[in-house]
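Architecture and fold: a report
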Amino acid sequence: MNIKFICSVCLAMQILCVGCSPTVIVNSEGPIINTDTRSVNLAGPDERFGDLFIAVQMSGIFSDSKTFVDAIPLYSDDEILASYEYRRNLPGFTLKEFVSDNFIVPQDTSNFTTDSSKTAAEHMHILWDVLVRQPGAVVDTGTLIPIPKPYVVPGGRFREIYYWDSYFTMLGLQASGRVDLIEDMVENFSYLIDTLGFIPNGNRTYYLTRSQPPFYSLMVKLLASERGKGILEKYIVQLQKEYDFWMDGAATLTHEMPANRRVVLLPDGAILNRYWDDQATPRPESYIEDIELVKAHRIPVERYRDIRAAAESGWDFSGRWFKDHAKMTTIHTTEILPVDLNALLYHHEQVLAEAYKQAGNSLLAKKYAQLAEERKQALQRYMWDERDGFFHDYDFIAKRPTQNKTLAAMFPLFFNMAEQQQAKRVASMIQQEFLKPGGVTTTLNDTHQQWDAPNGWAPLHWVTIKGLQNYQQNTLADTIKQRWIAVNLRVYKNTGKMVEKYNVYDLGLEAGGGEYPVQDGFGWTNGVLLKLLEK
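Basis of the calculations
- Residues numbered from 1 in each chain as written.
- Predicted model: local features only at pLDDT ≥ 70, side-chain atom pairs only at ≥ 80, totals over all residues.
- Heavy atoms only, no water.
- Helix = DSSP H or I, 4+ residues; strand = E, 2+ residues; numbered from the N terminus.
- Buried < 20%, exposed > 50% of the residue type's maximum accessible area, 1.4 Å probe, protein only.
- Contact = heavy atoms within 4.5 Å.
- Salt bridge = Lys/Arg side-chain N within 4 Å of Asp/Glu carboxyl O.
- Pairing = 2+ DSSP bridges.
- Core = buried A, V, L, I, M, F, W, Y, C linked by side-chain atoms within 4.5 Å.
- 1 Å grid on protein atoms, 1.4 Å probe; cavity = no way out; pocket = protein on both sides within 12 Å on 5 of 7 lines; lining within 4 Å.
- Points joined across faces, edges and corners; volume = space filled by probe spheres on them.
- Nonpolar A, V, L, I, M, F, W, Y, C, P; charged D, E, K, R; others polar.
- Phe/Tyr/Trp six-rings, centres within 6.5 Å; stacked < 30°, edge-to-face > 60°.
- Lys NZ or Arg CZ within 6 Å of the ring centre and 35° of its normal.
- Polar contact = N/O pair within 3.5 Å; in protein donor to acceptor, adjacent residues only side chain to side chain.
- pLDDT = per-residue confidence, 0-100.
- Axes fitted to C-alpha atoms, helices over the stretch in contact; angles between N-to-C directions.
- Parallel < 35°, antiparallel > 145°, perpendicular 65-115°, else oblique.
- Left-handed = near helix turned anticlockwise from the far one by under 90°.
- Expected span 1.5 Å × (residues − 1).

1. Describing the overall build of the protein chain
Of regular secondary structure, the protein chain possesses 20 helices and 19 strands. By the burial criterion, 57% of the 535 residues in the protein chain qualify as buried. For the protein chain, contacts bridging at least 24 residues in sequence account for 67% of all contacts bridging at least 6.

Written out as structure tokens, the structure reads:
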């Protein structure tokens, strides 16, 4: 282990010292932790560093835009910016050297080596301790938002907790008997709700304008299955706050102004939800990628919000969000009411009803049970297509279901919202069009986006398998399960790795698409595979 202690005086002189009062601890085998007592700066790196941020992100110094936004400043923002203004005009100035002098740049390195004698299950049980991160003493003064309990990161470039990833990670923790970590992570998400008013995409300041698919109610139910029904009452306040975040603005909707943030009023009075982001600018963590995307495809700048909203969906990116599924130029995420999002909020309403019932508040229990039923009926009216026997997202601007077929259609089955005959027809579509040698494809379109063909993803396999089992489509569920397990184990045997996504069409090829290389780790892949192997 290589540990350096850097004091404030030596920082100012940019030299390393020993025996001084530490400000920053740099640990080459783990996260960087700051032990001073400054309060958290929740401004994003683009706000904090202005022209310097733009210069670095546009320079191509780092192949991944996420690298710089995860870097740790060695000095105060004012000192760094003053130094930049002075040094940038000096002869021999290089931006790369300046960044190296003023920031600790994260490294995607790990001392962990796979023991090839271990089975995949044994490997994953061990891997939890590699992926777990301990809370810092206070804050690292960079973009990381501190949380109070240990947590599991996905792996690779993903150095922080992620919202919807974490539910599927928890499934594996349950299979590993790590209920302690499940409880810690529920506590962390509850802390974020209490302190920020919602659960951001991840615990980074550049994620504070958006969330991710709302799996908090499923996390609480999973913990309750281990700790007892009192858990629902324990987290009832946070369950309510999280729901209020997603429904914010509903009271202001009118037929003249039917959309506000994440809520949309439909002509028959139903209110359903969409994905959204409070900013309409390039994402800091994908800054140059977003600018080049808009420039190359001649996307109107107002579509930055649609790009960000697609990131909130977790499906970034997919032809699912395009009017023409082959063209990113037609992205219109904020005009779409997603079937999976509304199924998740149906579950959240059900859990709120159950929690209030346990707490003895029959009035609120009845209210949320009724809201859940109203959402279910609205989803049936707007998102079920009788012609092809499948659930689709709904374009509320065009006033029709979208034409894209995706595994999001499995969420109504996962939450038991479908009729038996509907489930039978959905299962038939899955078998005929989605089933591939390695499991099920995310969509039927090969757009070179990572959430499209030929890729398969662990969370959607879990939802699909469980949804089919809910309606006694067990033969198909078992086929998908065995094919998915087989492709996971094959890659592990050949590489010693569990990866983020898999090619389910050609088992000899890696998954592709996306803004970054396939990542190793990997939290939700481990979680779903362990849970499937357990069963």
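2. Some words on the pattern of salt bridges
Evaluation of the coordinates by the stated rule reveals 35 salt bridges. Among the ionic pairs, Arg-204 bridges to Asp-70, the shortest N-O distance being 3.5 Å. Of this pair, Arg-204 sits in the loop between α8 (179-196) and α9 (216-227) while Asp-70 is found in the loop between α3 (66-69) and β4 (72-73), placing the two residues 134 residues apart along the sequence. Given a relative accessible area of 4%, Arg-204 falls into the buried group. A salt bridge links Asp-340 to Arg-320; its shortest N-O distance comes to 2.7 Å. Within this pair, whereas Asp-340 is found in helix α14 (residues 339-358), its partner Arg-320 is found in the loop between α13 (304-313) and β11 (336-337), the two being separated by 20 residues in sequence. A cluster of three or more residues bridged by salt bridges with shared partners is formed by Lys-66, Asp-70, Arg-159, Glu-160 and Arg-204.

3. Some details on the sheet that holds β11
Sheets are built from strands paired through backbone hydrogen bonds, the pairs being either parallel or antiparallel. Taken together, the three strands give an open sheet; going across it, the order is β11-β14-β15, and neighbouring strands pair in antiparallel fashion. Edge positions in the sheet fall to β11 and β15 (400-401), since each of these pairs with one other strand and no more.

4. Focus on the nonpolar core
Counting 161 residues, the largest nonpolar core has Phe-215 and Ile-430 as its most contacted members. Tallying contributions element by element places α14 first for this core, with 11 residues. Beyond its immediate sequence surroundings of up to four residues, Phe-215 is in contact with Tyr-163, Trp-164, Tyr-167, Phe-168, Leu-344 and Phe-411.

5. Some points on the sheet that holds strand β10 (residues 271-273)
Strand order in the open sheet made by the three strands is β8-β9-β10, with antiparallel pairing throughout. In this open sheet, the two strands that pair with only one neighbour each are β8 (259-260) and β10.

6. Thoughts on empty space enclosed by the protein
What the rule picks out here adds up to three cavities of 30 Å³ or more. Each pocket or cavity is described by its volume, and for the second largest cavity that value is around 50 Å³. Around the second largest cavity, the lining residues are Pro-45, Arg-48, Phe-49, Phe-68, Val-69, Ala-71, Pro-73, Phe-103, Gly-142 and Thr-143. Breaking the lining of the second largest cavity down by element, the ones donating at least two residues are α2 (45-59) and α3. Class assignment of the residues belonging to the lining of the second largest cavity gives a composition of seven nonpolar, two polar and one charged.

7. A few points about the packing of aromatic side chains
All told, the structure shown has 36 aromatic pairs when counted by the stated rule. Seen in terms of ring centroids, Trp-484 and Tyr-502 are 5.3 Å apart; in terms of plane orientation they differ by 85°. Their pairing is edge-to-face. Note that Trp-484 is positioned in helix α19 (residues 474-495) and Tyr-502 in strand β19 (residues 501-503), a separation of 18 residues in sequence. Sitting over the ring of Trp-246, Arg-262 keeps its end group 5.7 Å from the ring centre. The ring of Trp-315 has Arg-320 lying over it, and the distance from NZ or CZ to the ring centre is 4.4 Å.

8. A closer look at the side chain of Gln-450
For Gln-450, the position within the fold is in the loop between β17 (439-440) and β18 (455-457). Engagement of the side chain of Gln-450 in a polar contact is seen with the backbone oxygen of Asp-316, the distance being 2.9 Å.

9. Quick notes on the confidence of the model for the protein chain
Caution is warranted with low-pLDDT regions, since their predicted coordinates should not be read in detail. In this model, the protein chain carries an average pLDDT of 90, and 89% of its residues clear a pLDDT of 70 or more. Note on residues 1-38: pLDDT is under 50 here. Beyond four places in sequence and across chains, it has 70 contacts.

10. Considering the environment of Val-179
Looking at the secondary structure, you find Val-179 in helix α8. Residue Val-179 is classed as buried on the basis of its relative accessible area of 12%. Taking the C-alpha atoms as reference points, Val-179 and Leu-222, 43 residues apart in sequence, are found 9.8 Å from one another. In this structure, Val-179 is in contact with Leu-173, Leu-223, Glu-226 and Arg-227, ignoring residues within four places of it in sequence.

11. Examining the packing of α8 against α9
Axis separation between α8 and α9 bottoms out at 10 Å; the angle between their running directions is 140°. Between α8 and α9, the interaxial angle falls into the category oblique. When you trace α8 past α9, the crossing you get is left-handed. Residue-level inspection shows Val-179, Asp-180, Ile-182, Glu-183, Val-186, Phe-189, Ser-190 and Ile-193 of α8 in contact with α9, the latter providing Tyr-216, Met-219, Val-220, Leu-222, Leu-223, Glu-226 and Arg-227. The class makeup of the residues in the contact of α8 with α9 is 10 nonpolar, one polar and four charged.

12. Notes on helix α20 (residues 523-534)
Taking 1.5 Å of rise per residue, the 12 residues of α20 would be expected to cover 16 Å, and the 17 Å separating its terminal C-alpha atoms lies within 8% of that figure. Burial runs high along α20: 10 of the 12 residues are buried. Regarding α20, the residues found buried are Gly-523, Trp-524, Thr-525, Asn-526, Gly-527, Val-528, Leu-529, Leu-530, Lys-531 and Leu-532. Taken together, the buried residues of α20 touch α6 (120-131), α7 (163-175), β18, α18 (458-470), α19 and β19.

13. A closer look at α9
The terminal C-alpha atoms of α9 lie 16 Å apart, and with 12 residues this matches the ideal 16 Å at 1.5 Å per residue to within 8%. On its buried side, α9 packs onto α7, α8, α10 (230-234), α11 (236-246), α14 and α16 (411-414). A positive backbone phi angle near 110° is found at Gly-228, which sits one or two residues after α9.

14. Quick notes on unusual backbone geometry
A cis amide bond, omega 5°, links Asp-316 with the succeeding residue Phe-317. Mapped onto the elements, Phe-317 comes out in the loop between α13 and β11. For the peptide bond that leads from Ala-453 to Pro-454, omega is 10°, which places it in the cis range. As for its placement among the helices and strands, Pro-454 is situated in the loop between β17 and β18.

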